[in-house]
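# Observations on the model geometry
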Amino acid sequence: MQEQFEPLKNDLLLRAARGEKVERPPIWVMRQAGRYLPEYHEAKGNRDFFECCRTPEIASTLTIQPIDRYEGLIDAAIIFSDILVIPQAMGMKVEMVDKKGPHFPEPLQSPTDGQYEKVMAKEVDVKAELDYVYKAISLTRFKLKGRVPLIGFCGAPWTLLCYMVEGGGSKFFVQSKKWIYKYPTESQALLQKIAEICVEYLALQVAAGAQLVQVFDSWAGELSPSSFASFSLPYLRHISANLPKRLKEMGLEPVPMTVFAKGAWYALDDLCQSGYNVVGLDWLHDPAEAMRIANGRVTIQGNADPGMLYGGRPAITATVEHMVQGFQKGKQGWITNLGHGVTPFVDPEHLKFFFEEIHRLTAS
Ligand code: 1CP
């Protein structure tokens, strides 16, 4: 499969992820494809969000839009998809409601509600159910012609459990907390099942052409340090321990792996030895302090507050200066990113200025 693609012209991201010395830190941002871009709305039209994910031609177009717009400024593409395709593959219905976000009409209510038993009993054919993602990845690799590497991803077990029991985004996480505190054993069985699907799903993304994979634990910060240790970390570790084994079985080389556990500042030390090459950070961390804790064990990815993009040029320059200084100019061990995804109302020109400032301030 891999031979059919043009050789990579820019491998900065992969080298930095492996901890090698680099000329400058690589740059990309989470949610770089999406609602803040006028060309996204134009290409999407009034198509349903998941229909875009399921149509390789559209998914690849949306993936490449930021690479074209920010030509020469960013160093990676991330496949246009969503973390909620795994619950869909597990047999749950998920809709994307315009301006509101994801909605599960039938969330898991309790271990005896019938839905849970159905989800646990279903043997998921990860290859067949998510075939459209692999096709989108291969088509995108083909269309990228080696300009930048392509990142594959999945949601972390804990974050996916939250959506499956809450039925969508949440403010108080009532159901998620009910599940882990009232039904810990059944929660762990579900987390394990999701983790196994994640391994197979990421392996098949790599087989299709993904060159680095990221696991998004967007709701890690809702857990306490001890509940993170019971309900998130073991499953993140399951993925990092088993993905390389699965790739080997498939006759494939390992790829760098990134974990992004948003809000889990208390777990940085543990995350630095959780089997991932890269640890993504949100903006609750001070860059210099995070580098001190990481102490060369992993590459750090992050971590500007996406909100500073609303502050205009002076705010962007000040944020980049602080970050570049804390991450020691990023000649080793730093991938530049925001601390979370680009938000919908960001001016694409401000994001461009953010990229330009990183280039300017890391040039030596
Ligand atoms: O450019 C990219 O980053 C690639 C595409 C991508 C990724 C990596 C999308 C497209 N979604 C995701 C991951 C994702 N999806 C996460 C993890 C990252 C994060 O924390 O931001 C999460 C939590 C989701 C769930 C989700 N999907 C939400 C959040 C809802 C909530 O609970 O607050 C929303 C709004 C979506 C829809 C979505 N996914 C992606 C896009 C472009 C959109 C917006 C769709 C639209 O309205 O047009």
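Being a predicted model, the structure only gives us computed values, none of them experimental.

## Structural notes on the environment of Ser226
Inspection of the secondary structure puts Ser226 in helix α12 (residues 225-231). For Ser226, a relative accessible area of 52% puts it in the exposed group. Here the alpha-carbon distance between Ser226 and Val29, two residues 197 residues apart in the chain, equals 30 Å.

## Notes on the pattern of salt bridges
The final tally for this structure, using the stated rule, is 18 salt bridges. Close ionic contact of Asp75 with Arg24 constitutes a salt bridge, the shortest N to O distance being 2.9 Å. Residue Asp75 is found in the loop between α4 (56-69) and β1 (77-78), and its partner Arg24 is found in the loop between α1 (12-17) and α2 (38-44); the two are separated by 51 residues along the sequence. Assessed through its relative accessible area of 0%, Asp75 is described here as buried. Residue Arg147 is joined to Glu71 by a salt bridge in which the shortest nitrogen-to-oxygen separation is 3.0 Å. Of this pair, Arg147 sits in the loop between α8 (131-144) and β4 (150-155) while Glu71 sits in the loop between α4 and β1; the two residues are 76 residues apart in sequence, bridging distant segments of the chain. The network of salt bridges with common partners includes Asp11, Arg15 and Glu23.

## Some details on the sheet that holds strand β5 (residues 212-217)
Reading across the sheet, the 7 strands line up as β1-β4-β5-β6-β7-β8-β9 and stay open at both edges, with parallel pairing between neighbours. Looking at which strands have only one partner, the edges of the open sheet turn out to be β1 and β9 (334-338).

## Digging into the packing of aromatic side chains
Where two aromatic rings form a pair, the distance of their centres and the angle of their planes describe that pair. This structure, assessed with the given rule, holds 15 aromatic pairs. The interplanar angle of 75° and the centroid separation of 5.1 Å between the aromatic rings of Phe49 and Phe50 together place this pair among those described as edge-to-face. The buried category is assigned to Phe50, whose relative accessible area is 4%. Here Lys145 stacks its cationic end above the ring of Phe142, 5.6 Å away from the centre of that ring.

## A closer look at the site of the ligand
Within the structure, the ligand sits among 24 residues, and Arg31, Tyr40, Tyr163, Ser218 and His340 are positioned closest to it. Contacts to the ligand include Gln32, whose backbone N or O atom sits 3.1 Å from an oxygen atom. One nitrogen or oxygen atom from the main chain of Ala33 is found 3.0 Å from an oxygen atom belonging to the ligand. Protein chains bury 89% of the 910 Å² of accessible surface belonging to the ligand in isolation. More than half of the atoms of the ligand fall within 2 Å of the grid points belonging to the largest pocket.

## Looking at helix α13 (residues 233-249)
Helical geometry note: an α-helix holds 3.6 residues per turn, so side chains three or four residues apart project in the same direction. With 17 residues, α13 should reach 24 Å at 1.5 Å per residue; the first-to-last C-alpha distance of 25 Å fits that figure. Within α13, the axis deviates most sharply at Asn242, by approximately 30°, and proline Pro244 lies no more than four positions further along. Among all positions in α13, only Leu233, Tyr235, Leu236, His238, Ile239, Ser240, Leu243 and Leu247 are buried. On the buried face of α13, the contacting elements are α9 (157-166), α11 (184-208), β5, α12, β6 (257-261) and α14 (268-271). At the exit of α13 stands Gly251, carrying a positive phi of roughly 80°.

## Things to note about unusual backbone geometry
In this chain, Gly302 is followed by Asn303 through a cis amide linkage whose omega measures -5°. With respect to the element layout, Asn303 can be found in strand β8 (residues 299-304). Here the phi dihedral of Phe173 falls at roughly 55°; this positive angle occurs in a residue that is not glycine. Non-glycine residue Asn295 carries a positive phi angle of around 50°. Considering the arrangement of structural elements, one finds Asn295 in the loop between α15 (287-294) and β8.

## Quick word on the UniProt feature "domain: Uroporphyrinogen decarboxylase (URO-D)" (unreviewed entry) in the protein
According to UniProt, the feature "domain: Uroporphyrinogen decarboxylase (URO-D)" (unreviewed entry) maps to residues 26-35 and 151-167 in the numbering used here. In residues 26-35, helix accounts for 0% and strand for 0%; the two terminal C-alpha atoms are 23 Å from one another. Here residues 151-167 runs as 59% helix and 29% strand, with 27 Å between its end C-alpha atoms.

## Focus: the layout of surface pockets
One number sums up the size of the largest pocket: a volume of about 1500 Å³. Looking at the largest pocket, it is lined by 43 residues, and the ones nearest its centre are Arg31, Arg35, Phe49, Asp82 and Met96. Contributing elements (two or more residues each) for the lining of the largest pocket: α2, β2 (95-97) and β3 (101-103). Top contributing element to the lining of the largest pocket by residue count: α2, with 3 residues. Taken together, the residues that form the lining of the largest pocket break down as 21 nonpolar, 12 polar and 10 charged.

Conventions used here
Residues numbered from 1 in each chain as written. Predicted model: local features only at pLDDT ≥ 70, side-chain atom pairs only at ≥ 80, totals over all residues. Heavy atoms only, no water. Helix = DSSP H or I, 4+ residues; strand = E, 2+ residues; numbered from the N terminus. Buried < 20%, exposed > 50% of the residue type's maximum accessible area, 1.4 Å probe, protein only. Salt bridge = Lys/Arg side-chain N within 4 Å of Asp/Glu carboxyl O. Pairing = 2+ DSSP bridges. Phe/Tyr/Trp six-rings, centres within 6.5 Å; stacked < 30°, edge-to-face > 60°. Lys NZ or Arg CZ within 6 Å of the ring centre and 35° of its normal. Near = heavy atom within 4 Å. Polar contact = N/O pair within 3.5 Å; in protein donor to acceptor, adjacent residues only side chain to side chain. Areas by Shrake-Rupley, 256 points an atom, 1.4 Å probe, with all protein chains shown as cover. 1 Å grid on protein atoms, 1.4 Å probe; cavity = no way out; pocket = protein on both sides within 12 Å on 5 of 7 lines; lining within 4 Å. Sits in = over half its atoms within 2 Å of the grid points. Expected span 1.5 Å × (residues − 1). Bend = angle between axes of the 7 residues up to and from the residue. Contact = heavy atoms within 4.5 Å. UniProt positions renumbered as here; feature names shortened; annotations may be inferred. Points joined across faces, edges and corners; volume = space filled by probe spheres on them. Nonpolar A, V, L, I, M, F, W, Y, C, P; charged D, E, K, R; others polar.

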